[in-house]
Every structure is written in structure tokens, then in C-alpha cells.
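A look at the structure
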Amino acid sequence: GAGVSQSPSNKVTEKGKDVELRCDPISGHTALYWYRQSLGQGLEFLIYFQGNSAPDKSGLPSDRFSAERTGGSVSTLTIQRTQQEDSAVYLCASQGGYYNEQFFGPGTRLTVL
Amino acid sequence: AQSVTQPDIHITVSEGASLELRCNYSYGATPYLFWYVQSPGQGLQLLLKYFSGDTLVQGIKGFEAEFKRSQSSFNLRKPSVHWSDAAEYFCAVGATGTASKLTFGTGTRLQVTL
């Protein structure tokens, strides 16, 4: 597609449930990033993919968080046993173009009740 | 470690007035610098970027920013603000190289009065 897409746009879940967030990057972009935007922490890096590999997972806040990327394209971020502090907007960005810019998707707003 | 400081949490300007949003960064070498804008409920849109060369960079929507190495600053400016510029603005720094995570400032919320 023309830009980065993310689904769902909104997700409300109960504490303790698992959730999956999806990111479709711009076609041909090999690098993909996940960030989290929350009131208390601002915008923070979670994980970076180059192709299907994740050379940098340093931002994942706990082992309840995991991500994968398949076919060098779609990525899913999974949060297990969600907690209220996981409530945030999860942003995905793919990187490419002449200057290797990061292009952001609209985000998934996650609310954990 | 890289870091970004945006000292102004909230700024209010009148439509037609000039605007300057401050950004200071910390990075061990020449950084890649970015300004993004986020409207309510929207993702981040890149306004402009500095990689190298001319220290005054032009972006979209009439914005410009100047890289000042001696002050570790990358302030965003616009000569005449429009009501539609009301949004949150984020400065970000990335390491040089083909792939690099971005470190963001805490953002400056811009309010425009008519």
C-alpha cells in the first residue's frame, strides 16, 4: 500500500488477556520498528527488525512482550497477560527511501481494563 | 546514550505570529535529527530532517529548522503560524547509519489562538 497500516486501530481488552497488534509496512522496506506512546513514558522504542531478524529488542519492557516478522513484511507485536500499564498507543514504522526515513503508521490504541 | 530535550511542554501563539520550538540533543557524533508532528488521534508525520550538509533545512508546511552543533540544538521555526498547525511536535535523534532507532523528546503541544 501507499503507507504503513496498523490493525486494529483500537483494542480494548481485559487484564490478563493476550493481544496481537499487526503492522503492514511500506512495500520494499526492509527495516521495521515498533514504538510505544504512553502518557507517563512518552514515545519509546520497543524493537527493530531487519528483514525477519530482530537485532535490537532492547526496548521490550518485559518477557510478556514479543514480536515477529514474516516474509520480510508483516509484523505482529504480541502482549501476553496484559496489565493496565500496557495501555498505550503502539506505533509501527518502516524505514526506506533515499534518506532511510522512518514512516509511521496511525497506531493501535490499546486499553487494558 | 542519545537523548533529546524539549524544554517547552506547551506553547500558545496567535495565528500569524512566528513560532520557534526548542530542541536540544545529546549524541556522541553527528546525529541524524528529525522533527515530527502529531495531530490528535493521528500517527507521526515527518516535517523535516537533518542528515548532513546545509545546517538550515526546509520542511513541509512552511517549517524550517537549524542545526547548531555548538549548541547541540535543532530548533524548529515557522514565520507565520496557521490555526491548522495546532498539534504536538516531537524532536528526535537517530544514530548515523542505515538503520537506527529514534529517541524522541517529550513533545511540545502547540496551541494556536485566533
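Residues numbered from 1 in each chain as written. Chains lettered and ligands numbered in written order. Predicted model: local features only at pLDDT ≥ 70, side-chain atom pairs only at ≥ 80, totals over all residues. Heavy atoms only, no water.

1. Observations concerning the overall build of chain A
Scanning chain A for helices and strands turns up zero helices and 11 strands. Mapped in sequence order, the helices and strands of chain A form the string β-β-β-β-β-β-β-β-β-β-β. Taking 113 residues into account, the globule formula puts the C-alpha radius of gyration at 13 Å, and chain A, at 13 Å, falls close to it. The C-alpha extent of chain A, read off along each of the three principal axes, is 40 × 25 × 25 Å. A burial count over chain A gives 48% of its 113 residues as buried. Pairs at least 24 apart in sequence give 52% of the contacts found in chain A among residues at least 6 apart. Only carbon and sulfur atoms are counted for the fraction: they give 45% of the accessible area of chain A, which is about 5,400 Å². (Helix = DSSP H or I, 4+ residues; strand = E, 2+ residues; numbered from the N terminus. Rg over C-alpha atoms; globule rule 2.2 N^0.38 Å. Buried < 20%, exposed > 50% of the residue type's maximum accessible area, 1.4 Å probe, protein only. Contact = heavy atoms within 4.5 Å. Areas by Shrake-Rupley, 256 points an atom, 1.4 Å probe, with all protein chains shown as cover.)

2. Here we look at the environment of threonine 13 of chain A
Turning to its location among the elements, threonine 13 of chain A is positioned in strand β2 (residues 10-13). Residues in contact with threonine 13 of chain A, not counting those within four places in the same chain, are Val19, Thr82, Leu110, Thr111, Val112 and Leu113 of chain A.

3. Some words on the interface of chain B and chain A
Taken together, the contact pairs 15 residues of chain B with 18 residues of chain A. Summed over both partners, the interface of chain B with chain A buries about 1,400 Å², with 57% contributed by carbon and sulfur atoms. For chain B, the biggest contributors to the area lost against chain A are Leu44, Lys101 and Phe104 of chain B; these three give 31% of the whole. Summed over the shared surface of chain B and chain A, the number is two salt bridges. As a salt-bridge pair, glutamate 101 of chain A and lysine 49 of chain B come within 3.0 Å of each other at their nearest N and O atoms. If you look at where chain B meets chain A, you find seven residue pairs in polar contact (both at pLDDT 80 or more). Looking at the side of chain B that touches chain A, the elements with two or more residues in it are β5 (32-38), β6 (45-50) and β11 (102-104) of chain B. When grouped by side-chain class, the residues that make up the side of chain B that touches chain A number eight nonpolar, five polar and two charged. (Buried area = accessible area lost by both parts, 1.4 Å probe. Salt bridge = Lys/Arg side-chain N within 4 Å of Asp/Glu carboxyl O. Polar contact = N/O pair within 3.5 Å; in protein donor to acceptor, adjacent residues only side chain to side chain. Nonpolar A, V, L, I, M, F, W, Y, C, P; charged D, E, K, R; others polar.)

4. Side note on the side chain of serine 94 of chain A
Residues and elements named next belong to chain A. Following the sequence through the fold, serine 94 ends up in strand β9 (residues 88-96). On the basis of relative accessible area, serine 94 is assigned to the buried category, the value being 0%. Of the polar contacts made by the side chain of serine 94, one reaches the side chain of histidine 29; its length is 2.8 Å. Beyond its immediate stretch of four places on either side in the chain, serine 94 contacts Val4, Pro25, Ile26, His29, Ala31, Leu32, Glu101, Gln102 and Phe103.

5. Focus: the state of the cysteines
Under the criterion given, the structure shown has two disulfides over all chains. In this model cysteine 23 of chain A forms its disulfide with cysteine 92 of chain A; the gap between the sulfur atoms is 1.8 Å. Taking the sign of the S-S torsion, -60° for the link of cysteine 23 of chain A and cysteine 92 of chain A, the bridge is left-handed. One end of the pair, cysteine 23 of chain A, is in strand β3 (residues 19-24); the other, cysteine 92 of chain A, is in strand β9, with 69 residues separating them in the sequence. The same class applies to cysteine 23 of chain A and to cysteine 92 of chain A, which are both buried. With a sulfur-sulfur separation of 2.0 Å, cysteine 23 of chain B is cross-linked through a disulfide to cysteine 91 of chain B. Handedness of the cysteine 23 of chain B-cysteine 91 of chain B disulfide follows from its S-S torsion of about -65°: it is left-handed. Here cysteine 23 of chain B is found in the loop between β3 (19-21) and β4 (24-26), whereas its partner cysteine 91 of chain B is found in strand β10 (residues 87-94), with 68 residues between them in sequence. With relative accessibility at 0%, the residue cysteine 23 of chain B sits in the buried group. (Disulfide = S-S within 2.5 Å.)

6. Observations regarding the nonpolar core
All names here are of chain B. The biggest cluster of nonpolar side chains holds 26 residues, and the ones touching the most others in it are Leu19, Trp35, Leu47, Leu48, Phe74, Leu76 and Tyr89. When contributions to this core are tallied by element, the ones reaching two or more residues are β2 (10-14), β3, β5, β6, β8 (64-68), β9 (73-78), β10 and β12 (108-113). Ranked by residues supplied to this core, first place goes to β10 with four residues. (Core = buried A, V, L, I, M, F, W, Y, C linked by side-chain atoms within 4.5 Å.)

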